[in-house]
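Descriptive analysis of the structure
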Amino acid sequence: QVQVVESGGGLVQPGGSLRLSCAPSGSIFSIYRIGWYRRAPGKQRELVATITSGGTTNYADSVKGRFTISRENAKNTVYLQMNSLKPEDTAVYSCHVETHYTNYWGRGTQVTVSS
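Read on for a plain summary of the structure. (Residues numbered from 1 in each chain as written. Predicted model: local features only at pLDDT ≥ 70, side-chain atom pairs only at ≥ 80, totals over all residues. Heavy atoms only, no water.)

Moving on to the side chain of S21. Summarising the element assignment, S21 is placed in strand β3 (residues 18–25). In this structure S21 comes out as buried when scored by relative accessible area, which is 16%. Other than its neighbours up to four places away in sequence, S21 contacts V5, E6, S7, W36, V78 and Y79. (Helix = DSSP H or I, 4+ residues; strand = E, 2+ residues; numbered from the N terminus. Buried < 20%, exposed > 50% of the residue type's maximum accessible area, 1.4 Å probe, protein only. Contact = heavy atoms within 4.5 Å.)

Attention shifts here to the nonpolar core. The biggest cluster of nonpolar side chains holds 28 residues, and the ones touching the most others in it are W36, V48, F67, I69, L80, M82 and Y93. Of the residues forming this core, the biggest block, four residues, is contributed by strand β9 (residues 91–99). The residues contacting I69, other than those within four sequence positions of it, are I34, W36, A49, T50, I51, T57, Y59, V78, Y79 and L80. (Core = buried A, V, L, I, M, F, W, Y, C linked by side-chain atoms within 4.5 Å.)

Below is the structure:
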């Protein structure tokens, strides 16, 4: 069975930092890209950051310079380092794993930025 498990969410004050982890497990082949998406209350889901198997990264303009996506080379685990967090970053963050054949979603982890 395949699972995509996110962790690292929580409550943080504005200006603080969190690091999210996305840990795919099971028989997942030919991963092309792993990305973080978020959905804030009353808003549509948006792309936050992605990283391809070749290391190419992409970021939403709203998080450039503050967030960094990376991967552990020996594993499929992907991290999202979030610095200088703002209240507008509050959302459920979900990990999305794309292969050449199918895709998988994690259940999401809540990030709340509030004073």
